[in-house]
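Chain residues, written in single-letter form:
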Amino acid sequence: MYTLIKKHRLFLFVSFLVEIITLAVLILVHVYAPYEGSFFVLALISFFFLLYDASAGLVFSLLMKNRKSKTEMTSAEILGNDLDEAYTFGEVGLLVCDSDSNIIWVNDFLSTRIPGLVDTKVYESLPQLSVVPDNGQWEMVEIKDNSHVFKVKLLPEARLYVFKETTEYVNMDSYRKKTAPVVGYLAIDNYYDVQQAMGDETKFAGALFKAKSFITDYIESNDSLLRQIQADRYIFISTKEKYDQLVEDKFSIVDKVRKESEGFTISIGIAYDFPDYSKLSDMAASALDVALSRGGDQTVVAPFSHSMIFYGGKSELQPSRNRVKIRSLSRAFVTTLRDNKYDKVLVMGHINADLDALGGEVGVYLLCRKYGVRCKCCFEEQLVDNSTRLAVDTLYPIEQKKEVFLNMKEAMDFLDDTTLLVLVDHNSFDLSMFRDVAQKAENVAIIDHHRPGAKKVDNPVFTHVDASASSTSEILTSFITYSLDDIAIDCRTATLLLAGISLDTRFFKEKTSAATFEACSQLKSYKADTAKVDDLLKENLDDYTCKNRITSHIEVPVTDILLASGPEDTYFMDATLAIAANELSSLRGIKCALAVGKTNSHTVKVSCRSCGEVNCQLLMETLGGGGHLTMAAATLQDVTIEEAVSRIKEKLNEYLDDALISPEKNG
């Protein structure tokens, strides 16, 4: 056919050239040498050329039609009745509609997949096609009870839908996701504590066997591989499909062990969404460490490249008074402080630092001074609460204040690669008093009593996060008093440490243990000033007025839950919100209280307190915050008070049942 077109083009070119030359000659003769009848000769020749061109065009059209007919016949002869088999082999379906969207024809492949389509309305029989664009782009469509998946595109000029089946590929991808590896570690939180408490090895062995039976039956009933790697630790390997079943069950094994075994609790760390088992193992081990540092009795899941997910954590970690362990931790921390590669130490509390953060700072300062290590504490009047500001102003003369404390600019200059940064009363850079300074530190140590969240400090040189402790001040007091060296605590430091403990225990009304009172006894022996502590923790008139502005507007979104919110045009200190929530939670019959208020034009703070019947930490984590079981907080950015209250109510409706703690759960 191409040869015929080429010949026809050459023929047209030659004919056109001859016609032009002939007509030009005749016109010149007619103009310059006319003779009788020359005009009629010119007209006759022109008519002949027109007739000739028309005849040539007609002949060419007939030849092209004949040649095309032969070509199509040849294709039909080659494919014959196997054309439908070609569509079937390629899993391609065709569907044609008329102008009224009636289906007038489908090929054999599509009719076997979706029968009964002809003479029906296309969007009635296949409503999924309504999402297919009319620009010729492919669209994934699930059809026929999700048993078939097609890529579909529409050719609008021909009213033709082209279907390409992708069911096999989709099923393969689904199978790959279901069988993706999941690695987990399971630890018995208090193995040695229960062993020591029981004393009788026979009784302990029986209780341990019962707990292990629960664990083995639960994991293996889920078709997962379980292996014991230590006396109190297991590793298990599963698939994503089986993991989803565990999530649906909300890891009930954690509650079952706590309720039905004799004092044991367990924690689980799980990782998934990465093809390498070694990497998953490291991620799962880190997740388990987070679960244990948050108090145990919970599950922490670490999906690759996503934030950690927390399940459980409805009981407080029971304090362990293992003096050997405390002495070892104290020695390890002192060794870290005295490491030759650190020339100086910078101690930093959290933003809006309270008396517990200040107590932690001066406790570390005391240890550094004892061992001859240069140390400075962070302090900025605008970044601490009123009680902390009052404590520093009244207990530290101006010269001593300059000697002990640094502001943000001075801290930035003080920090270098030979400085050890010690974070006290918090465990994340996001909460640090001088966040920009903290994030530049290369060497970080952490001492805290709050359960860690998903954001952690990478590779700290020392970490001690004891969620069973009442306060950071209690931890530092234990480090000092259980030190191998005899360390005397000066009256001022003892007073600030006692103030930190008193604040976080609400004057010993909650979260106290024998260790708490033992620490207070030690501080009192070092002349801690209880009258000064009481004075530091008193409310001033401004705080009292601000607190009343919050508590004057109270809602009861759920029975026994109070939600108080301050005015939109008033800014509150974090401590004021905490005091308001504390006061409301102490009312008879109230399980939990939340106080909401603006701390600046862009920030709304939520303070949550409970009497032990509601897990405040779980509720606040749903808002991006964290804390303890009975006290927690969250920060919301760029929202109004009304929007914040609405969001809190949504979270209460969604998560309160999970956060409720029955007496046996907390026992």
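What you see is a predicted model, and the numbers here were worked out from it, not measured in a lab.

**A few points about the nonpolar core**
Part 1: Membership of the largest hydrophobic core comes to 75 residues, with the highest contact counts inside it found for Phe333, Val345, Leu346, Met348, Leu367, Leu421 and Val422.
Part 2: Broken down by element, this core gets its largest block of residues, 9 residues, from helix H13 (residues 355–370).
Part 3: In this structure, Val345 is in contact with Leu337, Cys368, Val373, Arg374, Cys375, Lys376, Phe414, Thr419, Leu420 and Val422, ignoring residues within four places of it in sequence.
Part 4: By size, the runner-up hydrophobic cluster in this structure holds 29 residues, among which are Met198, Leu246, Val254 and Val257.

**Considerations on the environment of Glu613**
Part 1: By the secondary structure assignment, Glu613 is in the loop between strand E21 (603–610) and helix H24 (616–621).
Part 2: By relative accessible area, which is 36% here, Glu613 ends up partly exposed.
Part 3: For the pair Glu613 and Met172, spaced 441 residues apart in the sequence, the C-alpha separation amounts to 47 Å.
Part 4: Apart from residues no more than four positions distant in its own chain, Glu613 is found in contact with Lys591, Ala659, Leu660 and Ile661.

**Some points on the sheet that holds strand E20 (residues 592–600)**
Part 1: Read from one edge to the other, the open sheet built from 6 strands follows the order E18-E19-E20-E21-E23-E22, with strand pairing classed as mixed. Across the chains shown, the open sheet's two edge strands, defined by having one partner strand only, are strand E18 (554–558) and strand E22 (626–627).
Part 2: Here E22 pairs with strand E23 (residues 631–637) via 2 bridges, running antiparallel. Across the sheet, the residue bridging to Gly626 is Ala633, located in E23.

**Notes on unusual backbone geometry**
Backbone phi values are negative for most residues with the exception of glycine, while trans is the configuration of most peptide bonds.
Part 1: Positive phi, close to 50°, is recorded for Phe251, a residue that is not glycine.
Part 2: Following the sequence through the fold, Phe251 ends up in the loop between helix H9 (240–248) and helix H10 (252–260).
Part 3: With relative accessibility at 2%, the residue Phe251 sits in the buried group.
Part 4: The backbone of Asp425 shows a phi angle near 65°, a positive value even though the residue is not glycine.
Part 5: Structurally, Asp425 can be placed in the loop between strand E15 (419–424) and helix H17 (435–439).
Part 6: With relative accessibility at 3%, the residue Asp425 sits in the buried group.

**Description of empty space enclosed by the protein**
Part 1: In total, this model carries 2 cavities of 30 Å³ or more according to the counting rule given.
Part 2: Val362, Tyr365, Leu366, Arg369, Tyr396, Val404, Asp490, Arg492 and Thr493 are the residues that line the largest cavity.
Part 3: Listed by contribution, the elements that provide at least two residues to the lining of the largest cavity are H13 and helix H19 (491–504).
Part 4: Grouping the amino acids of the lining of the largest cavity by side-chain chemistry returns 5 nonpolar, 1 polar and 3 charged.

Rules and cut-offs
- Residues numbered from 1 in each chain as written.
- Predicted model: local features only at pLDDT ≥ 70, side-chain atom pairs only at ≥ 80, totals over all residues.
- Heavy atoms only, no water.
- Core = buried A, V, L, I, M, F, W, Y, C linked by side-chain atoms within 4.5 Å.
- Buried < 20%, exposed > 50% of the residue type's maximum accessible area, 1.4 Å probe, protein only.
- Helix = DSSP H or I, 4+ residues; strand = E, 2+ residues; numbered from the N terminus.
- Contact = heavy atoms within 4.5 Å.
- Pairing = 2+ DSSP bridges.
- 1 Å grid on protein atoms, 1.4 Å probe; cavity = no way out; pocket = protein on both sides within 12 Å on 5 of 7 lines; lining within 4 Å.
- Points joined across faces, edges and corners; volume = space filled by probe spheres on them.
- Nonpolar A, V, L, I, M, F, W, Y, C, P; charged D, E, K, R; others polar.

These figures capture arrangement, not role.
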